[in-house]
Amino acid sequence: MFGYVTINKPELKIREYDRYRSYYCGLCKVLKDRYGRIGQVTLTYDMTFLVILLTGLYELPGTEEIHRCIARPYEKHRMRVTEATGYAADMNILLTYHNCMDDWFDDKSLVKLSTAKALEKKYHSLEEKYPRQTKSMLSYMEKVRKGEAENCQDLDLLSGCTGDLLGDLFVWKQDAWEPTLRQMGFYLGKFIYLMDAWEDLRTDQKKKHYNPWAAMAEQPDFSEKSQKILTMMMAECAKSFEKLPILQEAEILRNILYSGVWVRYAARLSENSGKNAQQLQ
């Protein structure tokens with residue numbers, strides 16, 4: 001479901017892109033150090049964003065190392081790690097475990113079941129370390145499964161479940177920044193859920209799978225309405241972000257929130273326009 005919270009590379013300066021990659025590679029390194037190769041393959045852009053957000057907000061000092069890795073073995077590159085990197089790595093594993101179990105529950109994917117089993121021991125240790133976040137994930141899975149089983153077409157209800165989950169994950173330290181971080185995560189989570197469903201709409205319609213946009217998709221102005229809803233979610237998320245006193249890495253974060261999250265949406269619109277043009281020829 002995740003993978004939308006990334007950069008718009010052409011809009012970043014070279015030094016900003018290099019800085020972003022150093023956080024991404026740093027998270028990859030911590031996942032490998034803590035959870036082995038299987039942890040490394042769970043790496044996501046979404047948790048990289050969380051690392052940069054928390055690092056900027058709390059002005060965390062970082063360490064940098066230069067290494068080669070399996071993804072780019074022929075060149076050395078920077079890996080930047082802060083205290084927030086460890087937290088994001090742990091959240092990444094919790095999310096991966098639950099996503100794998102959800103795929104097993106829905107599609108009986110043996111690959112996902114084997115991944116979950118490989119992470120199970122680590123998951124239970126994290127469950128004890130992060131009871132609040134784990135409880136939020138379990139609640140999220142239960143509510144989403146129930147809503148999908150009932151063919152719920154209430155966009156706010158199901159997207160709100162993802163919003164509640166991400167809001168809880170964004171709250172690293174329960175301090176003065178908790179309400180703002182929670183609200184930011186809430187609207188970003190809603191956006192992610194709705195964007196993922198929007199992107200899958202045509203495939204779900206063909207396969208007769210559940211999709212929360214299905215009822216609205218029958219309306220003639222669906223394209224305009226869906227875009228407006230998605231834009232509203234990101235506008236609220238960005239509004240919360242701008243309340244945070246972040247100077248460190250602010251330009252990278254703004255690139256993601258104002259531009260990067262729309263990269264896949266724009267690509268899909270372009271793809272659909274191309275298909276429609278071909279059908280008219």
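Only a predicted model underlies this, so the values are computations on that prediction, with no experimental measurement involved.

Caption draft 1: Up close: the overall build of the protein. What the protein contains, in helices and strands, is ten helices and two strands. When the helices and strands of the protein are placed in sequence order, the string is α-α-β-β-α-α-α-α-α-α-α-α. Projected onto its principal axes, the C-alpha coordinates of the protein cover approximately 55 × 45 × 40 Å. Out of the 281 residues in the protein, the part that is buried amounts to 50%. Within the protein, residue pairs in contact and separated by at least 24 positions form 70% of the contacts whose partners lie at least 6 positions apart. Counting only carbon and sulfur atoms, one obtains 53% of the accessible surface of the protein, whose full area is about 14400 Å².

Caption draft 2: Region of interest: the pattern of salt bridges. In the structure shown here, the tally under the stated rule is 20 salt bridges. The residue D156 makes a salt bridge to K190 at a minimum N-O spacing of 2.8 Å. Note that D156 is positioned in helix α6 (residues 155-170) and K190 in helix α7 (residues 178-207), a separation of 34 residues in sequence. One salt bridge in this structure joins E251 and R254, with 3.7 Å as the shortest N-O distance. One end of the pair is E251 and the other is R254, both in helix α9 (residues 250-258) and three residues apart, which spans about a single turn. Overall, the relative accessible area of 46% leaves E251 in the partly exposed class.

Caption draft 3: Representation of the side chain of T42 in the model. Among the structural elements, T42 can be located in the loop between α1 (14-40) and α2 (45-58). Assessed through its relative accessible area of 7%, T42 is described here as buried. A distance of 2.6 Å separates the side chain of T42 from the backbone oxygen of G39, its partner in a polar contact. Not counting the four nearest positions on each side in its chain, T42 is found in contact with L31, N92, I93 and T96.

Caption draft 4: Main features of α2. The end-to-end C-alpha distance of α2, which contains 14 residues, comes to 20 Å, matching closely the 20 Å that a straight helix rising 1.5 Å per residue would cover. In terms of burial, α2 is a largely internal element, 13 of the 14 residues being buried. Note on α2: the residue one or two positions beyond its end, E59, has a positive phi of about 50°.

Caption draft 5: Layout of the environment of Y58. Position of Y58 relative to the elements: it lies in helix α2. Along the backbone, Y58 and R68 are ten residues apart, and their C-alpha atoms lie at a distance of 29 Å. Apart from residues lying up to four places away in sequence, Y58 is in contact with W172, K173, D175, W177 and L181.

Caption draft 6: Structural view of α7. Its 30 residues give α7 an end-to-end C-alpha distance of 41 Å, which sits within 8% of 44 Å, the value for a rise of 1.5 Å per residue. Remark: the principal bend of α7, roughly 55°, maps to L201. Looking one or two residues past α7, K208 carries a phi angle of roughly 60°, positive in sign.

Caption draft 7: Focus on the side chain of T134. Structurally, T134 can be placed in helix α5 (residues 131-149). The class for T134 is buried, based on a relative accessible area of 2%. Side-chain polar atoms of T134 contact the backbone oxygen of Y130, separated by 2.8 Å. Ignoring anything within four residues of it in the chain, the contact list for T134 reads L94, Y123, L126 and E127.

Caption draft 8: Structural context of the packing of aromatic side chains. With the rule as written, the count across this model stands at eleven aromatic pairs. Aromatic pair F191 and W262: ring centres 5.2 Å apart, planes at 75°, arrangement edge-to-face. Residue F191 is located in helix α7, and its partner W262 is located in the loop between α9 and α10 (263-280); the two are separated by 71 residues in the primary sequence. As far as the burial class goes, F191 and W262 line up, both buried. Connected via pairs of aromatic rings, a cluster forms that spans Y58, Y87, Y130 and W172. Between K9 and the ring centre of Y17, over which it is positioned, the NZ or CZ distance is 4.4 Å. The ring of W172 has K173 sitting right over it, with the charged end atom 4.6 Å from the ring centre.

Caption draft 9: A look at the packing of α6 against α7. Where α6 meets α7, the closest approach of the two axes is 6 Å, and the angle between their N-to-C directions is 135°. Comparing their axes, α7 and α6 come out oblique. In this structure, α6 crosses over α7, and the sense of that crossing is right-handed. For the pair α6 and α7, the contacting residues are L155, D156, L158, S159, G160, T162, G163, D164, L166, G167, D168 and F170 in the first and L181, R182, M184, G185, F186, L188, G189, K190, I192, Y193 and L194 in the second. For the contact of α6 with α7, a count of residues per class yields eleven nonpolar, seven polar and five charged.

Thresholds applied
Residues numbered from 1 in each chain as written. Predicted model: local features only at pLDDT ≥ 70, side-chain atom pairs only at ≥ 80, totals over all residues. Heavy atoms only, no water. Helix = DSSP H or I, 4+ residues; strand = E, 2+ residues; numbered from the N terminus. Buried < 20%, exposed > 50% of the residue type's maximum accessible area, 1.4 Å probe, protein only. Contact = heavy atoms within 4.5 Å. Areas by Shrake-Rupley, 256 points an atom, 1.4 Å probe, with all protein chains shown as cover. Salt bridge = Lys/Arg side-chain N within 4 Å of Asp/Glu carboxyl O. Polar contact = N/O pair within 3.5 Å; in protein donor to acceptor, adjacent residues only side chain to side chain. Expected span 1.5 Å × (residues − 1). Bend = angle between axes of the 7 residues up to and from the residue. Phe/Tyr/Trp six-rings, centres within 6.5 Å; stacked < 30°, edge-to-face > 60°. Lys NZ or Arg CZ within 6 Å of the ring centre and 35° of its normal. Axes fitted to C-alpha atoms, helices over the stretch in contact; angles between N-to-C directions. Parallel < 35°, antiparallel > 145°, perpendicular 65-115°, else oblique. Left-handed = near helix turned anticlockwise from the far one by under 90°. Nonpolar A, V, L, I, M, F, W, Y, C, P; charged D, E, K, R; others polar.

In short, geometric facts, not functional conclusions.
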